[in-house]
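The residues making up each chain are set out below.
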Amino acid sequence: MYYGKKEAKKRVVTPEGALSRLMILCSRAEKCEADARLLLARWDIGREEGEKIMERLIREGYVDNRRYAVAFVRDKAEYNGWGEHKITDALRRKGISSADIAFALQHIDRKEMREKLRKLLIKKRDSVIAGNEYELKGKLIRFALSKGFGYDEAVAMADDIL
């Protein structure tokens, strides 16, 4: 008997099958061009066939970077508590254009983001161990920066809750 790792059977994906799978995936959840291209590469779809598939997905509205950016901004701001800087950086790494990022960031409720930062910092304040208020303030600011909020915003909110 053999108890080692089983070799995973690699399914061969045809270009037609890849198009069909991507259409299904994109209709269930937003995908950007970079995500779709990554899947095509993972499925060993050639460059030429991949470009044809991408053109069709874009033409038929399955893939839309602007729509993806808006959904991404909403999700990361609302559910993950990310700030504008972290969201922008993540979208840039996905290859989203600056114009699409700027458009998507317009959909952020600034007041709600400040309130989210306030709640995050209050929760962090209660769990942080610091020798004095200066050290606590530094830790809170660094935490806010790691969540993608701006320095001035982090300092003002840390001052406010202390």
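Our structure's up above, just so we're on the same page.
In this text the structure is predicted, and so the values were computed from the model without any measurement. (Residues numbered from 1 in each chain as written. Predicted model: local features only at pLDDT ≥ 70, side-chain atom pairs only at ≥ 80, totals over all residues. Heavy atoms only, no water.)

(A) Molecular detail of the packing of helix α2 (residues 33–42) against helix α3 (residues 47–59). Between α2 and α3, whose axes approach to 11 Å, the crossing angle comes to 145°. Where α2 crosses over α3, the two elements pack in a sense that is right-handed. From α2, Glu 33, Ala 36, Arg 37 and Leu 40 reach across to α3, where they touch Gly 50, Glu 51, Ile 53, Met 54 and Ile 58. Its residues placed into classes, the contact of α2 with α3 shows 5 nonpolar, 1 polar and 3 charged. (Axes fitted to C-alpha atoms, helices over the stretch in contact; angles between N-to-C directions. Helix = DSSP H or I, 4+ residues; strand = E, 2+ residues; numbered from the N terminus. Left-handed = near helix turned anticlockwise from the far one by under 90°. Contact = heavy atoms within 4.5 Å. Nonpolar A, V, L, I, M, F, W, Y, C, P; charged D, E, K, R; others polar.)

(B) Quick look at helix α7 (residues 110–127). In this model, α7 (18 residues) spans 26 Å end to end at C-alpha, consistent with the 26 Å of a helix rising 1.5 Å per residue. Along α7, the positions that sit buried rather than exposed are Met 113, Leu 117 and Leu 121. All buried residues of α7 fall inside an arc of 70° around its axis, so they share one side. Along α7, exposed side chains directed more than 90 degrees from the buried face belong to Lys 111, Lys 119, Lys 123 and Asp 126. (Expected span 1.5 Å × (residues − 1). Buried < 20%, exposed > 50% of the residue type's maximum accessible area, 1.4 Å probe, protein only. Arc of directions from axis to C-beta.)

(C) Just the packing of aromatic side chains, in detail. Applying the stated rule across the entire model yields 2 aromatic pairs. Plain terms: the ring middles of Phe 72 and Trp 82 are 6.3 Å apart, the flat faces sit at 70° to each other, and that makes the pair edge-to-face. Of this pair, Phe 72 sits in helix α4 (residues 65–78) while Trp 82 sits in the loop between α4 and α5 (84–93), and the two are 10 residues apart along the sequence. Neither Phe 72 nor Trp 82 differs from the other in exposure class; each is buried. Aromatic rings pair up to connect Tyr 68, Phe 72 and Trp 82 into one cluster. Seen from the ring of Trp 43, Arg 21 lies directly overhead, with NZ or CZ sitting 4.7 Å from the centre. (Phe/Tyr/Trp six-rings, centres within 6.5 Å; stacked < 30°, edge-to-face > 60°. Lys NZ or Arg CZ within 6 Å of the ring centre and 35° of its normal.)

(D) Geometry of the pattern of salt bridges. The full count for this structure, using the stated rule, is 13 salt bridges. The partner of Glu 33 in a salt bridge is Arg 37, and the shortest N-O contact between them spans 3.4 Å. Here the residue Glu 33 and the residue Arg 37 both occupy positions in helix α2, the gap between them amounting to 4 residues, near one helical turn. Taking relative accessible area as the criterion, Glu 33 reaches 25% and is therefore assigned partly exposed. Measuring nitrogen to oxygen at the nearest pair gives 2.6 Å for the salt bridge that ties Asp 159 to Lys 137. Highlighted residues: Asp 159 in helix α9 (residues 151–161) and Lys 137 in helix α8 (residues 133–146), separated in sequence by 22 residues. Residue Asp 159 is classed as partly exposed on the basis of its relative accessible area of 41%. Lys 137 gets classed as partly exposed once you look at its relative accessible area, which sits at 24%. One connected set of salt bridges, linked through shared partners, spans Glu 33, Arg 37 and Glu 51. (Salt bridge = Lys/Arg side-chain N within 4 Å of Asp/Glu carboxyl O.)

(E) Representation of the environment of Glu 78 within the structure. Here Glu 78 shows up in helix α4. For the pair Glu 78 and Ile 161, spaced 83 residues apart in sequence, the C-alpha separation works out to 21 Å. Not counting residues within four places of it along the chain, the set of residues in contact with Glu 78 comprises Glu 112 and Lys 116. One polar contact links Glu 78 to Tyr 79, side chain to side chain, over a distance of 3.4 Å. (Polar contact = N/O pair within 3.5 Å; in protein donor to acceptor, adjacent residues only side chain to side chain.)

(F) Broad picture of helix α1 (residues 15–28). With 14 residues, α1 should cover 20 Å at 1.5 Å per step; its first-to-last C-alpha distance of 20 Å lies within 8% of that length. For α1, the full list of buried residues reads Ala 18, Leu 19, Leu 22, Met 23 and Cys 26. Seen from one end, α1 has its buried residues packed into an arc of 135°, which puts them on one side. Structural note: α1 exposes Glu 16, Ser 27 and Arg 28 on the side pointing more than 90 degrees away from its buried face. Check the buried side of α1 and you find it contacts α2 and α3.

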